[in-house]
Amino acid sequence: MRASGTPSHVTEPDFTGVSGRYLDLSAVYDCGALHQLFLQFSELTTAYKRGYGRAYSLLRAAHCIRSSCELSLSGKAAGDLDIIAHDAAADFGQPGPIREIFLSAVTGDGYIPAMPQASLPAEKLIYVKSSSGFENAFMQRAAAAAAAAGSGAVICRSPRAPEQIEHVIFPGSAAFVSGAYAAAHSERCTCVLELDPVTGTGGGDPHGLRQKSLQLAQDTENMACAHLSGAKRMHDELEALYRPYVDFDCADRIFRKELEWLTGKIPDTEPDGAFNRL
């Protein structure tokens, strides 16, 4: 629904007569049997939502701890990183669009640097390395340089902090990678871009306080992953409980009938088809 310029209680539907339809799915469920399981449903639903809530709270805490460990770049170091990033975009960039994806994920099994099916469409793998955590600073500049030059690039954002960038890929040319993914694939890396000589911050943690804080963030994230795992387990139990009492064939018939109605009512006026937006 889109809000219009008319009074606040009035909204305009994208497609007249479509947004206001409701589906009666009561025929899909064995309501009598499910009623007997209400207490179990209620307990499992409450428990798995609580688990996810705790996990998200811990992930936010881990992000706050990591953010507190971020160091500031000097003006000269920032300028030098700009030059390196622009050179990278000039050397490896080719005309094309900018895409943004998540290559990694935080799951109940922990942090996964890359999904098993993921492959980087680049000939060169360049390991961006910084003992003070300036990998993101370089990646941000590389992404901005690619956009400014009109170069095609794949921006891989961090699931821990989506405003940060883990990798920048110039398809068919080079991929600048960092963090756990780069460490796990270091043997595939054709070269290493050491940022410490540029930023002048190598060995800048004499008392190990930053490293201890980063370890605390990791421990907090591990607790979050444990809660994610427990929440998923309870959600799976919930699904196993209700699935025998759901007529999925009936649900498919209702869906196909509604789909036929929708595709007949929605005007196909957009290049990709209006229905594809739903």
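It should be noted that the structure appears before, not after, this text.
Please read these numbers as outputs of a predicted model, since none were measured by experiment. (Residues numbered from 1 in each chain as written. Predicted model: local features only at pLDDT ≥ 70, side-chain atom pairs only at ≥ 80, totals over all residues. Heavy atoms only, no water.)

J.: With reference to specific residues and values, describe the pattern of salt bridges.
T.: Close approach of charged atoms allows side chains of opposite charge to pair. Within this structure, the stated rule accounts for six salt bridges. With its nearest N and O atoms 2.9 Å apart, the salt bridge here joins D82 to R141. Taken together, the residues D82 in helix α3 (residues 75-92) and R141 in helix α4 (residues 135-149) connect sequence positions 59 residues apart. The exposure class of D82 is partly exposed, given its relative accessible area of 31%. Between R157 and E100 there is a salt bridge, with the nearest N and O atoms lying 2.8 Å from each other. In this pair, R157 sits in strand β7 (residues 153-157) while E100 sits in strand β3 (residues 98-101), placing the two residues 57 residues apart along the sequence. With relative accessibility at 19%, the residue R157 sits in the buried group. Among the charged side chains, a network of salt bridges with common partners joins R66, R160 and E221. (Salt bridge = Lys/Arg side-chain N within 4 Å of Asp/Glu carboxyl O. Helix = DSSP H or I, 4+ residues; strand = E, 2+ residues; numbered from the N terminus. Buried < 20%, exposed > 50% of the residue type's maximum accessible area, 1.4 Å probe, protein only.)

J.: I'd like a description of the layout of surface pockets, backed by residues and values.
T.: Within this model, the largest pocket holds a volume of roughly 990 Å³. Contributing elements (two or more residues each) for the lining of the largest pocket: α2 (38-68), β6 (124-129), α4, β8 (165-170), α5 (179-184) and α7 (209-242). It is α7 that provides the largest number of residues to the lining of the largest pocket, a total of five residues. Partitioning the lining of the largest pocket into residue classes produces eleven nonpolar, 14 polar and seven charged. (1 Å grid on protein atoms, 1.4 Å probe; cavity = no way out; pocket = protein on both sides within 12 Å on 5 of 7 lines; lining within 4 Å. Points joined across faces, edges and corners; volume = space filled by probe spheres on them. Nonpolar A, V, L, I, M, F, W, Y, C, P; charged D, E, K, R; others polar.)

J.: Outline the packing of α2 against α7, supporting the account with residue identities and numerical values.
T.: The interhelical angle for the contact between α2 and α7, taken along N-to-C directions, is 160 degrees, at an axis separation of 8 Å. Classified by the angle their axes make, α2 and α7 are roughly antiparallel. For α2 against α7, the interelement crossing comes out left-handed. Considered class by class, the residues forming the contact of α2 with α7 number 23 nonpolar, eight polar and five charged. (Axes fitted to C-alpha atoms, helices over the stretch in contact; angles between N-to-C directions. Parallel < 35°, antiparallel > 145°, perpendicular 65-115°, else oblique. Left-handed = near helix turned anticlockwise from the far one by under 90°.)

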